[in-house]
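Chain and residue survey
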Amino acid sequence: MSTYLLVHGAWHDGRCWERVAPLLEAAGHRVFHPSLTGYGDKAHLLGPEVGLDTHLEDVVRLIKDEDLTDVILVGHSYAGLVITSAANEVPERVAHLVYLDAMVPEDGETAVDAQPVTQSLIDLAASTDAPWRIPPLAELPPPFGLFGVTDPADAAWLRGILSDHPVRCLQQPARLDNPALRQVARTHIHCVGAAPEGIVRRPVPATQPNGSPSRVRELPTGHDCMITMPEELTELLLEVAG
């Protein structure tokens, strides 16, 4: 049995994993998919002070409170920064990092460094009455849809769980100064369906920080693959567990 900790990205909450978590559990694994501070059941905690450090603390606290070890830590999109930062704090408890169509930071980098298009979202928020919060991205015509979700029923469900994202999350730098972090294995899962203009994925180096060959997998779908291709995503996550 492995332990999976699934971390949602910006604007989403833990419910976005509801199609994947039961499949992992049915395969005999333990699964956590919490909502980060400011989302889902913690939406009332949203405020300008919520940042990357808040969310990494959410993850680290859960790992410690549940006394989790050998965790497969999965981060979607913005949560690539969250899982890397959390693993920097407790590398001895993390067996594997999975970057699911995610930002992959270097030490001292922000979300804007990892995905420069996010600066435009910060700039738009700055011109509003609430410059600290960024509303969810607008739904686009197919093939882009809402975060890659084009099925009308799925898009309607997704709209119901989305909420604003604090600017501070995109501006706080990741602190990745623990040498033990480099030893944690990594897998990258890329969604290679249609993506809006301006979304640029960093190339994955041929070698992981721990010296092993990089592991890159692809899914032929949009960004929110946990909604559009849950079975296929689950297969790739189970591959990580070996």
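Residues numbered from 1 in each chain as written. Predicted model: local features only at pLDDT ≥ 70, side-chain atom pairs only at ≥ 80, totals over all residues. Heavy atoms only, no water.

Attention shifts here to the overall build of the protein chain. Counting its secondary structure elements, the protein chain contains nine helices and eight strands. Its C-alpha atoms give the protein chain a radius of gyration of 17 Å, near enough to 18 Å, the size a compact globule of 242 residues would have. Its C-alpha atoms put the protein chain at 45 × 35 × 35 Å along the principal axes. Counting all 242 residues of the protein chain, 53% fall into the buried class. Of the contacts formed within the protein chain by residues at least 6 apart in sequence, a portion of 74% connects residues at least 24 apart. Summed over its atoms, the accessible surface of the protein chain is roughly 10700 Å², and 52% of this surface lies on carbon and sulfur atoms. Distance between charge centroids for the protein chain: 3 Å, based on 17 positive and 33 negative side chains. (Helix = DSSP H or I, 4+ residues; strand = E, 2+ residues; numbered from the N terminus. Rg over C-alpha atoms; globule rule 2.2 N^0.38 Å. Buried < 20%, exposed > 50% of the residue type's maximum accessible area, 1.4 Å probe, protein only. Contact = heavy atoms within 4.5 Å. Areas by Shrake-Rupley, 256 points an atom, 1.4 Å probe, with all protein chains shown as cover. Lys, Arg positive; Asp, Glu negative; His and termini not counted. Charge placed at Lys NZ, Arg CZ, Asp CG, Glu CD.)

Counting 75 residues, the largest nonpolar core has Leu-73, Leu-233 and Leu-237 as the members making the most contacts within it. Those residues in contact with Leu-73, other than ones at most four positions away along the chain, are Leu-5, Val-7, Val-59, Ile-83, Ala-86, Val-94, His-96, Leu-97 and Val-98. (Core = buried A, V, L, I, M, F, W, Y, C linked by side-chain atoms within 4.5 Å.)

Okay, the pattern of salt bridges next. For side chains bearing opposite charge, pairing can occur when the charged atoms are close. The final tally for this structure, using the stated rule, is 14 salt bridges. Among the salt bridges present, the one from Lys-42 reaches Asp-41, with a minimum N-O distance of 3.8 Å. Judged by relative accessible area, Lys-42 falls into the partly exposed class, the value being 25%. With relative accessibility at 56%, the residue Asp-41 sits in the exposed group. Here Asp-67 and Arg-93 are joined by a salt bridge, their closest N and O atoms 3.1 Å apart. In this pair, Asp-67 sits in the loop between α2 (52-65) and β3 (71-76) while Arg-93 sits in the loop between α3 (79-89) and β4 (94-100), placing the two residues 26 residues apart along the sequence. One connected set of salt bridges, linked through shared partners, spans Glu-89, Arg-175 and Asp-177. (Salt bridge = Lys/Arg side-chain N within 4 Å of Asp/Glu carboxyl O.)

Okay, the side chain of Ser-85 next. Tracing the backbone through its elements, the reader meets Ser-85 in helix α3. Here the side chain of Ser-85 touches Leu-81 through a polar contact of 2.8 Å, landing on its backbone oxygen. (Polar contact = N/O pair within 3.5 Å; in protein donor to acceptor, adjacent residues only side chain to side chain.)

Joining two cysteines, a disulfide is a covalent bond between their sulfur atoms. Following the criterion strictly, the structure yields zero disulfides and no others. Unpaired in this structure, Cys-16 has its nearest cysteine sulfur neighbour in Cys-225, at a distance of 9.5 Å. In this structure Cys-191 is not part of a disulfide, and its nearest cysteine sulfur, from Cys-225, lies 3.6 Å away. The exposure class of Cys-191 is buried, given its relative accessible area of 6%. (Disulfide = S-S within 2.5 Å.)

Now for the environment of Val-184. Relative to the helices and strands, Val-184 is located in the loop between α7 (167-171) and β7 (185-191). With a relative accessible area of 4%, Val-184 lands in the buried category. Along the chain, Val-184 and Gly-80 lie 104 residues apart, while their C-alpha atoms are 14 Å from each other. In this structure, Val-184 is in contact with Pro-91, Val-94, Ala-95, His-96, Leu-97, Gln-208 and Asn-210, ignoring residues within four places of it in sequence.

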